[in-house]
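Coordinate inspection notes
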Amino acid sequence: MRRRLPAVALALGIALALLAASPALAAGYRYWSFWDGSAGGRWSYATQGPSMARPADGAVQGFRFSVSKDAAAQAAQPRVAADFETVCGATAPTEGSKRVALVIDFGVPADAPTGDAPPEAAPRTACAQVAPEATTAEALASVAKPLRYNSAALLCAISGYPKQGCGDQVADSAAGTPAPARSAAPESGGGPSAGLLAGIAAVAALAAAGVWQSRRRTR
């Protein structure tokens, strides 16, 4: 019986680790992802947030609201091509400013929070004409107010959508939108989840307690 205590503690710790880790592995997030447009109309997941990115004249920036996993390969892209001429071709360049083509995709009703709905079915496009040093966030604010941010400066809403919430975690069954930045998605950083770390700590603590208890009783 005494020898079985460490094994029982270890088994219990492993069970706790799995329970702690599974919600983080199973969940997705409801958020605005941020994209850089490139040649050929393609999109790539942005490596900077919109408040840090300073696009050049002629750049295309995209935003998509959806329920997605927190990973570039699994995030939903804007549903129209990244085409500067289509968006800004009719806007003449002016001295002392730059043109940034913006694609704002409010997503589909299935991804909307409860009680809310996308304000537009099709993606919206706009040509922002802003100062040369302006960030993407400033360009977005010039054409799509009101914007809403949380206390951590994460972009929560564009043109008032959604009305509430910000990067909320959702059940795995709702995270099935096919292929978030840094605009509103919680960053995973590629490391283990907090739940997994807590489970590992539980394993170590319980196993150590079992060994100590077993040795104490044999003395």
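Here, every reference points to the structure presented above.
The present account deals with the structure reproduced in this document. These figures come from a predicted structure and were not determined experimentally. Per chain, the residues get numbers from 1 upward, laid out in the order the sequence is written. Where local features are concerned, this predicted model is filtered to residues with pLDDT of at least 70; where side-chain atom pairs are given and counted, the filter is 80 or more; whole-chain, interface and lining totals use all residues. In computing side-chain properties, one takes all heavy atoms of the structure into account and sets aside hydrogens as well as water.

**Side note on the pairing of strand β4 (residues 98–105)**
Put simply, the test is: Only protein chains enter the accessibility calculation, which uses a 1.4 Å probe; a residue is then buried when its area is under 20% of its type maximum, exposed when over 50%, and partly exposed in between. Each helix corresponds to a stretch of at least 4 residues labelled H or I by DSSP, and each strand to a stretch of at least 2 residues labelled E; elements are numbered beginning at the N terminus. By definition, two strands form a pair when at least two bridges between them are found by DSSP.
Burial within β4 is extensive, with 8 of its 8 residues counted as buried. By the alternation rule, side chains of β4 split into K98, V100, L102 and I104 and R99, A101, V103 and D105, which are all buried. Judged from the 6 bridges that link them, strand β3 (residues 59–68) and β4 form a sheet pairing that is parallel. Note on β4: the bridge partner recorded for A59 is V100. Alignment of β4 against strand β5 (residues 124–130), held across 7 bridges, turns out to be antiparallel. By the bridge assignment, A101 is partnered in β5 with C127.

**Examining the packing of aromatic side chains**
Under the convention used in this document: Stacked, edge-to-face and tilted are the three classes for Phe, Tyr and Trp ring pairs, Trp counted by its six-membered ring, which pair at centre distances within 6.5 Å; planes under 30 degrees apart are stacked, over 60 edge-to-face, the rest tilted.
Scanning all chains against the criterion turns up 6 aromatic pairs. Ring centres 5.6 Å apart and planes at 80° place the aromatic pair W32 and F106 in the edge-to-face group. One end of the pair, W32, is in strand β1 (residues 28–37); the other, F106, is in the loop between β4 and β5, and 74 residues separate them in sequence. The pair formed by W32 and F106 is uniform in burial state, with each residue classed as buried.

**Description of the environment of L147**
For clarity, the threshold we go by: Contact criterion: two residues are considered in contact whenever any of their non-hydrogen atoms come within 4.5 Å of each other.
Here L147 lies in the loop between α3 (136–141) and β6 (148–149). Residues L147 and A137, spaced 10 residues apart in sequence, show a C-alpha to C-alpha distance of 9.2 Å. If we ignore the near neighbours within four places in the chain, the residues touching L147 are A137, L140, A141, L155, A157, I158 and S159.

**Looking at the side chain of D116**
The line we're drawing: Here a polar contact is recorded for every N or O atom pair within 3.5 Å, except that within protein the pair must consist of a potential hydrogen donor and a potential acceptor, and residues adjacent in sequence are included only if both atoms are side-chain atoms.
Along the chain, D116 falls in the loop between β4 and β5. A distance of 2.9 Å separates a polar atom in the side chain of D116 from the backbone nitrogen of K163. Setting aside its immediate chain neighbours within four residues, D116 contacts Y161, P162 and K163.

Read these as spatial facts, not as claims about activity.
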